[in-house]
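Listed below, chain by chain, are the residues.
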Number of protein chains: 4
Amino acid sequence: MDEKHSFKIESLGEPRFKSPLQLSTVKGDRIFNFIGESERLVFNPSLEHYNHCFTTRDSPLCMEKAGPRQDIFFEPEKVTAAIVTCGGLCPGINNVIRGLVMALHYFYGVKKIIGIPYGYEGLNPAAGHGFMELTPDKVKDVHQFGGTFLGSSRGAQEVSLMVDTLEENHVDMLFAIGGDGTLKGVNAIGEEIAKRKAKISVIGIPKTIDNDIDLIDESFGYGTAFDVASSILKDAHNEATGAYNGISIIKLMGRDSGFIAASATLAMPVVNFVLVPEMDFELEGENGFLAALEQRLQQKKHAVIVVAEGAGQHLFKDRKGIKDASGNVKHEDIGVFLKEKIAAHFKNTPISIKYIDPSYIIRCAPANSSDSVYCSRLAYHAVHAAMAGKTRLVSCKVNNTYVYIPISEVTKQRKKIDLEGEFWFSVLQSTGQPFFM
Amino acid sequence: MDEKHSFKIESLGEPRFKSPLQLSTVKGDRIFNFIGESERLVFNPSLEHYNHCFTTRDSPLCMEKAGPRQDIFFEPEKVTAAIVTCGGLCPGINNVIRGLVMALHYFYGVKKIIGIPYGYEGLNPAAGHGFMELTPDKVKDVHQFGGTFLGSSRGAQEVSLMVDTLEENHVDMLFAIGGDGTLKGVNAIGEEIAKRKAKISVIGIPKTIDNDIDLIDESFGYGTAFDVASSILKDAHNEATGAYNGISIIKLMGRDSGFIAASATLAMPVVNFVLVPEMDFELEGENGFLAALEQRLQQKKHAVIVVAEGAGQHLFKDRKGIKDASGNVKHEDIGVFLKEKIAAHFKNTPISIKYIDPSYIIRCAPANSSDSVYCSRLAYHAVHAAMAGKTRLVSCKVNNTYVYIPISEVTKQRKKIDLEGEFWFSVLQSTGQPFFM
Amino acid sequence: MDEKHSFKIESLGEPRFKSPLQLSTVKGDRIFNFIGESERLVFNPSLEHYNHCFTTRDSPLCMEKAGPRQDIFFEPEKVTAAIVTCGGLCPGINNVIRGLVMALHYFYGVKKIIGIPYGYEGLNPAAGHGFMELTPDKVKDVHQFGGTFLGSSRGAQEVSLMVDTLEENHVDMLFAIGGDGTLKGVNAIGEEIAKRKAKISVIGIPKTIDNDIDLIDESFGYGTAFDVASSILKDAHNEATGAYNGISIIKLMGRDSGFIAASATLAMPVVNFVLVPEMDFELEGENGFLAALEQRLQQKKHAVIVVAEGAGQHLFKDRKGIKDASGNVKHEDIGVFLKEKIAAHFKNTPISIKYIDPSYIIRCAPANSSDSVYCSRLAYHAVHAAMAGKTRLVSCKVNNTYVYIPISEVTKQRKKIDLEGEFWFSVLQSTGQPFFM
Amino acid sequence: MDEKHSFKIESLGEPRFKSPLQLSTVKGDRIFNFIGESERLVFNPSLEHYNHCFTTRDSPLCMEKAGPRQDIFFEPEKVTAAIVTCGGLCPGINNVIRGLVMALHYFYGVKKIIGIPYGYEGLNPAAGHGFMELTPDKVKDVHQFGGTFLGSSRGAQEVSLMVDTLEENHVDMLFAIGGDGTLKGVNAIGEEIAKRKAKISVIGIPKTIDNDIDLIDESFGYGTAFDVASSILKDAHNEATGAYNGISIIKLMGRDSGFIAASATLAMPVVNFVLVPEMDFELEGENGFLAALEQRLQQKKHAVIVVAEGAGQHLFKDRKGIKDASGNVKHEDIGVFLKEKIAAHFKNTPISIKYIDPSYIIRCAPANSSDSVYCSRLAYHAVHAAMAGKTRLVSCKVNNTYVYIPISEVTKQRKKIDLEGEFWFSVLQSTGQPFFM
């Protein structure tokens, strides 16, 4: 069966060196084996798809298995590696940086690791930020802190300028930790590198607190994010029950995808309404949100409402379409909007509204243990890919297995909650809210 | 020496019953002793004050020691007790309720305990909230939850109406958990009761997350509040360092007194500027806040600013003096104001401002262990006072000892940070900010 | 392609009722679809396996997809459901109970739900424990508490006796939350039920804090367990560095499988040695553990050692093979043994050993948010299976998808760390310990 | 009135320099005032004591107020300061170190600060540990970690040898953070210094997780300790209720004083029995502990028992009186003993005992916010005292005010729970256990 359906990973060229890792190539010796270049995993493991492939004699869509290769492209001790973190904060960034540095230094013996400060801005000499030199000693404790100790920034820089900087500093591999925009950016850098026939590997580690990168399992930091969020929902519930007709509105992150709002709701079942960008809903009318809220208050005298920041944008008649530095359309503030609409609706009823926007508290938390484990493994796999000369890929987990996927594939579209899926169904069942409003 | 300088506690009359507590009256038998009616503690224990009293033959100002009395006013098994919680949420309210119920039920054998829902509103029959019956089983786990499970409300109700409700329901003692307004309210209830020659004890347990009740040591919940706040300061620091010229502004509670802002700052020493209501400061000018911030950014490329909600009100030229339901003057939003002023000041410099308002998250937290211990003991002492027929007092801790003080004394003025005191000096030293701005 | 390789799920009979769930059967209407009875997922999604199946024309091993069926076996409002929790504590048990009760009550309208106290003992009338009636109101807050509010017990009860109890109480479905022994037990109950031609569904929800149930992805509670454990590793590190040649030994759970020890180590990278049941290691000798520890102390003056409770059993010459109430062979205490051996080895060197056994603290923690979400979904799927008349299965997640697998399949053997796998490799790389000792 | 009853603070000599602190000496200028050398606080502020003094014309026992002096003994920029941490770990040690370094460096401009590694051992050149140089940059984050980053050790070193080391290294002031033994040790160092007429100030910061240093208010770290402990009591309660006749025994720190056990019990009211060193109790007999436990199990089917490590030593008939390195008598393990006695007593009753010893987890925790604030202020006051040439004192808080007390006074005896005091009464009321057993 051919590989025409595989996500095809780009490479800088044929391997030229033996890996310094003391691994095995045989089963049964209790030593981890190098991953073979042809090891693949099927993307859609449903029997239906299997049968389809069997019938049509099409090969199933496959992903390349992540891990250390026996033959590698770079001579480790001569490598200069660079790390950059872009976009908004997310739990686990420091863990990924730490994992990259440790794997480069201890696994492969890389001697020079550069930290690029303040995102892509740091690749623009005009910004004058300089570089940081990264060593195991400098990063050994950073996993216990939230944020990114390299600093970050939003927005693009000129691609050729950034490649100039990489070439001038003899960088052999660039690890970019960031979201959709960052990944598109590093892919463009990779294309420019290819055009120049330079030998620089570019590797993305997808960072999206919204969990909206396509194809992959949950992104790192997302689990921590809804863990922190769910404990704030408990506070919000205390506020709601602490007043007669108490209403708590909590705005959570989620520009295009409501995963944090939905998971936090499922994790801390005190929520009565959850509103996400994927769903349409009406405020007014017999079946609208306000009518449902009114009914809830009559019955229980309090309500907890979770709203993702990107929800209900269809309710703003005159959207201005202003974009932020990262090129994302700026959202109208649905939280404040809802608060005002609710206040107006209940102007003759005694209610008490509390509005909570905990975004900065959530995104700055240090990674919890599951994310910590996940970040280390993502980082290790990113290093293995770079050393093997692979490029323009993301290190990621799909169907619970670590794989490499081309950046271009995961940035084609955003992952969204499937409103017909079991996850959303569980969320709705947990809140008891109507299917449609 | 006479008692002319004692804080004089009001009483419903001579004791008529023996306490059911199996305590002792002699030292050395390893059993707790009843507190004698004449046990007093000196309010100001400085040697200077002692010498002054010695010289002038004045008695020092004294406080009545809290604790169980051997002779009590009420016959415990016939008592109906009522509990009400008013004003904003604060960690520990549920612990106090739990402590009251447990002490009434287990220590004294009180059979009837009424929970009044939604603050003083619950004493107004027109609100139609009804009463809750409280038992040990109902309250045994409530200390693990933040908020108040009785519900609360702001604002006053007509005093005579509330006393009518108490009389109609044969309430013998009312425990009011609340702040300045609540305490003044329950004192007025006590005065009306006295006028009617009714035999109802009213006891306040001072609740102020701002720690602004006068005379007393730290109020319950305040320690938990700045504990929760200080961990958010760590997040804010992550945000500030995560961006070039990153500025985090955290607005913390503190209408008239900046204790939470100051203590959180001292506890989590990542703060560069703390602004509290007690201090004057200028924004503009050579020695103003903005100049100091500019200098800080030039040196360190990030800054963390903590501002109490009541700080900088002098900066608003056209204060409207609007009052909220509790009768407090509504403050202009200094946090948003600062954010705008900073943005304007640095309009030609690349900065990144994050504004965080975690108030609802802080005030809804469950009490930490120190507050939990404190709340139980405050509640126990409140019950002892009520059973002894004392009234119009607060159960509180002064100079690390539990005492009773008349409500009228602690509501004369708000406690504020002494800008000449060692505490504020420590805070300033910790931030490194100029003494004046 | 036939289904000869599917994990075949047993059924009580043909469906007889329509599901009360208002779901859809078509795509595109934004309503969740009923799961078709023939929906399957391939267990091994490697391309190698697919190619093998294509070549040999064998069907791949498949799993039945979990979820609500349109046609169900039981008439919901007449159903009596029972829930039992067995074996040791594990974070998330209360969440599963809560999820079961909510799904039975709100999704299907089940009116009678029985809580069986103290594990299988509660199905033995001789124990005299009685039953608890479970309602949404009773369980609504239990997810915030660790442990199991139903109580648990270890060990078997006579199967026919237990089935008698179920029949006498007209139980239609039994949900058993427990580990290997519990699942074998409930499978035996299911076999006895089948023999009697009774119509009682028995469903297992695999509970194993050790994560050692075969075939399935991580078990619930395991993520919380290593989260709690990893923060204790930080404490242990503080102890180790707080003394000259400080050595901290932390014994973590893991009778046959060292997953908690390994994941906690990877999550909190302060560990220098991790010892798990899956690995052999020698204490003495040039390449033994003690020599490696000595070298570590010489270099760094402190060491942190994590040992799973089942590790190093080969070191006990005279194993007695005593079994506990659950039928598990009682382990010698490797933690105390190690402590003594280390003390003896370094008898002429100043060292300071701290031994920490935090097992009860870990297993009693409330579930973190990821586990909370997971527990709810496992519970919901368990209820869907039971209502559809399926029996002798576990509700579980494999390759990140919810499926049903026969109990007999997951209890064939314990899941163990693959010493040749990438996970263990990551752990070893993180500690820096030698591959063999 | 003379000062014969004051706790008299020793001094190295007359002040020779002006303080570099820009403070005030007048009230009303919004600048903190220097503390006058004659400012005193009365130790016992009861009115009874005042009246006694008035009558007898005795002066009351007074304490010297802590804080910065206008005239100081040392020339700050020439000072060499040294810091040592001794004995067992306790939350907050790193905060104190941080506070000392910051105050020395930023307040006074001290240029040379030495960290002495591994306790008094570090003052013995034979140990070969060397010194660490401490700077603000090195200590700025240490407050976020538990333990002591300087390392600690138990036991004494020869006094003259330690003073030799101080003199050889031109140390002007030694800050010793430690408990009873450490304070006695540093006092002996101070006496030797006085004998040599050397000008070295020695200052103690009392560190006792057991809260057993006499005279002072709660010691730093103690609040954090019972906060951490109380959350483990919640786990223990889960274990107890999770089994039929489940019994959880938690051993908490407290060699001579049961404060942690008592406060944790009061903070987390799930405890049924608390046993502390201060109380006598019998196991056997009608009124013994085992009979009370039996009654509890019959009523409630579970019990939680907290035992301080030093409790019940009278039950060991053949105490060996072995001493540990710090000179403390080694205790028999009351926890294990209790567990065995309970198991024996109930040998014919089905019970399930869980034994939990969380000591290392508690003592390694980072300080909570109250302790963090407290540690900073203690450290600041310690520095002010040293700069003023005061010596052989502790920086501490009494009656909620910071004062200096001679080391010799606080080491005369251990502070113990007053079994006739209100605190213990509250604890007993909270557990419901009999007054005597």
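Residues numbered from 1 in each chain as written. Chains lettered and ligands numbered in written order. Predicted model: local features only at pLDDT ≥ 70, side-chain atom pairs only at ≥ 80, totals over all residues. Heavy atoms only, no water.

As recorded by an unreviewed UniProt entry, chain A carries the name ATP-dependent 6-phosphofructokinase and is attributed to Flagellimonas hadalis. UniProt annotates chain A under Sequence similarities (unreviewed entry) with the comment "Belongs to the phosphofructokinase type A (PFKA) family. PPi-dependent PFK group II subfamily. Atypical ATP-dependent clade 'X' sub-subfamily." (UniProt positions renumbered as here; feature names shortened; annotations may be inferred.)

Asks: Could you give an account of the overall build of chain A, with specific residues and numbers?
Replies: Tallying secondary structure elements over chain A gives 13 helices and 17 strands in all. Scaling as 2.2 N^0.38, a compact globule of 437 residues should have a C-alpha radius of gyration of about 22 Å, and chain A matches this with 24 Å. Counting only C-alpha atoms and orienting by the principal axes, one finds that chain A spans roughly 75 × 60 × 40 Å. Counting over 437 residues, chain A shows a buried share of 64%. The long-range share in chain A, meaning contacts at least 24 apart out of those at least 6 apart in sequence, stands at 77%. (Helix = DSSP H or I, 4+ residues; strand = E, 2+ residues; numbered from the N terminus. Rg over C-alpha atoms; globule rule 2.2 N^0.38 Å. Buried < 20%, exposed > 50% of the residue type's maximum accessible area, 1.4 Å probe, protein only. Contact = heavy atoms within 4.5 Å.)

Asks: Requested: an account of the relation of the copies chain C and chain A, with residues and values cited.
Replies: If you rotate chain C by 180° and push it 0.0 Å along the axis, it lands on chain A with an RMSD of 0.0 Å. Accordingly, the operation relating the two chain copies is best matched by a two-fold axis. Taking C-alpha positions as reference, the residue of chain C nearest the rotation axis is Asn399(C), located at 2.5 Å. Counting the interface residues of chain C, we find that 99% of their copies in chain A are interface residues as well, pointing to one common contact surface. (Least-squares fit on C-alpha atoms with pLDDT ≥ 70 in both.)

Asks: Explain the environment of Gly119(D) to me, using residue names and the numbers behind them.
Replies: Along the polypeptide, Gly119(D) turns up in the loop between strand S7 (112-116) and strand S8 (132-133). Not counting the four nearest positions on each side in its chain, Gly119(D) is found in contact with Val84(D), Thr85(D), Cys86(D), Gly151(D), Ser152(D) and Ser153(D).

Asks: Describe in detail the sheet that holds strand S11 (residues 246-252) of chain B, supporting the description with residues and values.
Replies: Residue and element names in this part refer to chain B. Spatially, S12-S13-S11-S14 is the arrangement adopted by the four strands of the open sheet, whose pairing is parallel. Both outer strands of the open sheet, strand S12 (273-275) and strand S14 (352-356), are each paired with one neighbouring strand and no more. For this sheet, the mean angle separating the axes of adjacent strands, direction not counted, is 15°. For S11 and S14, the ladder comprises five bridges, and the chain directions are parallel. Within S14, the position partnered with glycine 246 by the bridge is serine 352. Sitting on the sheet, helix H8 (residues 289-300) touches S11, S12 and strand S13 (302-308), and the angle it makes with S13 is about 150°. (Pairing = 2+ DSSP bridges. Axes fitted to C-alpha atoms, helices over the stretch in contact; angles between N-to-C directions.)

Asks: Run through the interface of chain A and chain B, naming residues and quoting values.
Replies: Tallying the contact residues gives 27 residues for chain A and 27 residues for chain B. Note on chain A versus chain B: buried area summed over both sides is about 2,200 Å², and carbon and sulfur give 60% of it. On inspection of chain A and its partner chain B, the count reaches two salt bridges. One salt bridge connects Glu239(A) with Arg363(B), and the closest N-O pair in it is separated by 2.5 Å. The interface formed by chain A and chain B contains six residue pairs in polar contact (both at pLDDT 80 or more). Only helix H6 (222-241), strand S14 (352-356) and helix H10 (359-363) of chain A provide two or more residues apiece to the side of chain A that touches chain B. Ranked by residue count, the leading element in the side of chain A that touches chain B is H6(A), at five residues. Across the side of chain A that touches chain B, the residue classes tally to 13 nonpolar, nine polar and five charged. (Buried area = accessible area lost by both parts, 1.4 Å probe. Salt bridge = Lys/Arg side-chain N within 4 Å of Asp/Glu carboxyl O. Polar contact = N/O pair within 3.5 Å; in protein donor to acceptor, adjacent residues only side chain to side chain. Nonpolar A, V, L, I, M, F, W, Y, C, P; charged D, E, K, R; others polar.)

Asks: Which residues make up the relation of the copies chain A and chain B, and what values do they have?
Replies: Note on the copies: chain A fits chain B at an RMSD of 0.0 Å, the axial shift is 0.0 Å, and the rotation between them is 180°. Looking at chain A, 100% of its interface residues are interface residues in chain B too, so the copies touch through the same face.

Asks: Summarise helix H9 (residues 334-345) of chain C; cite the residues concerned and give the values.
Replies: Residue and element names in this part refer to chain C. Helix length check: H9 (twelve residues) gives 16 Å between terminal C-alpha atoms against 16 Å at 1.5 Å per residue, within 8%. Of the residues making up H9, those classed as buried are Ile334, Gly335, Phe337, Leu338 and Ile342. Take H9 and look down its axis: the buried residues cluster within an arc of 160°, on one side only. Buried residues in H9 make contact with strand S11 (246-252), strand S12 (273-275), helix H8 (289-300), strand S13 (302-308) and strand S14 (352-356). A side-chain oxygen of the first residue of H9 lies 3.0 Å from the backbone nitrogen of glycine 335; this N-cap is aspartate 333. (Expected span 1.5 Å × (residues − 1). Arc of directions from axis to C-beta.)

Asks: How would you sum up unusual backbone geometry? Please name residues and give values.
Replies: Most peptide bonds take the trans form, and the phi angle of most residues other than glycine is negative. Residues and elements named next belong to chain B. Located in the positive-phi region is asparagine 211, a residue other than glycine, with phi close to 65°. Relative to the elements of secondary structure, asparagine 211 occurs in the loop between strand S10 (201-206) and helix H6 (222-241). Judged by its relative accessible area of 2%, asparagine 211 falls in the buried class. The backbone of arginine 392 shows a phi angle near 55°, a positive value even though the residue is not glycine.

Asks: An account of helix H7 (residues 259-267) of chain D is needed here, citing residue identities and associated values.
Replies: Among the nine residues that make up H7(D), nine are buried, leaving the element largely enclosed by the rest of the structure. Along H7(D), the residues classified as buried are Phe259(D), Ile260(D), Ala261(D), Ala262(D), Ser263(D), Ala264(D), Thr265(D), Leu266(D) and Ala267(D). Looking at the buried positions of H7(D), the neighbouring elements they touch are helix H11 (369-387) of chain B together with helix H6 (222-241), strand S11 (246-252), strand S12 (273-275), strand S13 (302-308) and helix H13 (422-431) of chain D.

Asks: So what's going on with the interface of chain C and chain A? Residues and values would help.
Replies: Taken together, the 69 residues of chain C in the interface contact 69 residues of chain A. Buried area between chain C and chain A, summed over both chains or domains, comes out near 5,800 Å², and the portion from carbon and sulfur atoms is 60%. When the buried area of chain C at its contact with chain A is split by residue, Arg30(C), Phe54(C) and Glu420(C) rank highest and sum to 14% of it. For the pair chain C and chain A, the number of links is two salt bridges.

Asks: Report on the packing of aromatic side chains, specifying residues and quantitative values.
Replies: The description of an aromatic ring pair uses the distance of the two centres, along with the angle that the planes make with each other. All chains considered together, the criterion is met by 60 aromatic pairs over all chains. Arranged with centres 5.0 Å apart and planes meeting at 90°, the rings of Phe73(A) and Phe74(A) form a pair that is edge-to-face. Phe74(A) shares its class with Phe73(A); the two are buried. Connected via pairs of aromatic rings, a cluster forms that spans Phe32(A), Phe107(A), Tyr380(A) and Phe425(C). Above the plane of the ring of Phe259(B) lies Lys415(B), whose end atom (NZ or CZ) is 5.6 Å from the centre. Taking NZ or CZ as reference, Arg16(C) lies 3.9 Å from the ring centre of Phe73(C), over its face. (Phe/Tyr/Trp six-rings, centres within 6.5 Å; stacked < 30°, edge-to-face > 60°. Lys NZ or Arg CZ within 6 Å of the ring centre and 35° of its normal.)

Asks: Describe the domain arrangement of chain A, naming the residues involved and giving the relevant values.
Replies: Residue and element names in this part refer to chain A. Domain assignment breaks chain A into domain 1 (10-219 + 367-410) and domain 2 (223-365). Relative placement of domain 1 and domain 2: their C-alpha centres are 35 Å apart. Contact with domain 1, which involves 17 residues of that partner, is made by 16 residues of domain 2. For the domain 1 face of the interface with domain 2, the top three residues by lost area are Arg154, Ile209 and Asp210, together amounting to 37%. There are zero salt bridges connecting domain 1 and domain 2. At the boundary of domain 1 with domain 2, the tally comes to five residue pairs in polar contact (both at pLDDT 80 or more). Its residues assigned to classes, the side of domain 1 that touches domain 2 shows six nonpolar, seven polar and four charged. (Domains from an automatic or database assignment.)

Asks: Outline the packing of helix H11 (residues 369-387) of chain A against helix H13 (residues 422-431) of chain C, supporting the account with residue identities and numerical values.
Replies: Packing of H11(A) against H13(C) brings their axes to within 11 Å, and their N-to-C directions diverge by 95°. Classified by the interaxial angle, the pair formed by H11(A) and H13(C) is roughly perpendicular. On H13(C), the residues that touch Arg377(A), Tyr380(A), His381(A) and His384(A) of H11(A) are Glu422(C), Phe423(C), Phe425(C), Ser426(C) and Ser430(C). For the contact of H11(A) with H13(C), the per-class residue count stands at three nonpolar, four polar and two charged. (Parallel < 35°, antiparallel > 145°, perpendicular 65-115°, else oblique.)

Asks: Talk me through the UniProt feature "binding site: ATP" (unreviewed entry) in chain A; I want residue IDs and the actual numbers.
Replies: Residue and element names in this part refer to chain A. Within this structure's numbering, the places UniProt gives as "binding site: ATP" (unreviewed entry) are Gly88, Arg154, Gly155, Gly179, Asp180, Gly181 and Thr182. Considering the C-alpha atoms alone, the annotated residues occupy 95 residues of sequence yet fold into one spot, their largest mutual distance being 11.6 Å. With respect to the secondary-structure elements, arginine 154 resides in the loop between helix H3 (136-139) and helix H4 (159-168). Taking relative accessible area as the criterion, arginine 154 reaches 40% and is therefore assigned partly exposed. Locating glycine 155 in the fold gives a position in the loop between H3 and H4.

Asks: Residues and numbers for the UniProt feature "active site" (unreviewed entry) in chain A, please.
Replies: Here, UniProt's "active site" (unreviewed entry) annotation points to Asp210(A). Those residues in contact with Asp210(A) that lie beyond four places of it in its chain are Met253(A), Gly254(A), Arg255(A), Ser257(A), Phe259(A) and Ile260(A).

Asks: Tell me about the pattern of salt bridges, and please be specific about residues and values.
Replies: Applying the stated criterion across every chain yields a total of 92 salt bridges over all chains. A salt bridge links Glu239(A) to Lys354(A), with the shortest nitrogen-to-oxygen separation between them at 3.3 Å. With Glu239(A) in helix H6 and Lys354(A) in strand S14, this residue pair connects regions lying 115 residues apart in the sequence. For Glu239(A), a relative accessible area of 2% corresponds to the buried category. The buried category is assigned to Lys354(A), whose relative accessible area is 10%. A salt bridge links Asp256(B) to Arg414(B); its shortest N-O distance comes to 3.5 Å. Residue Asp256(B) is found in the loop between S11 and helix H7 (259-267), and its partner Arg414(B) is found in the loop between helix H12 (407-410) and helix H13 (422-431); the two are separated by 158 residues along the sequence. With relative accessibility at 24%, the residue Arg414(B) sits in the partly exposed group. What you see here is one network of salt bridges that share partners, running through Asp164(A), Glu167(A), Glu192(A), Lys195(A) and Arg196(A).

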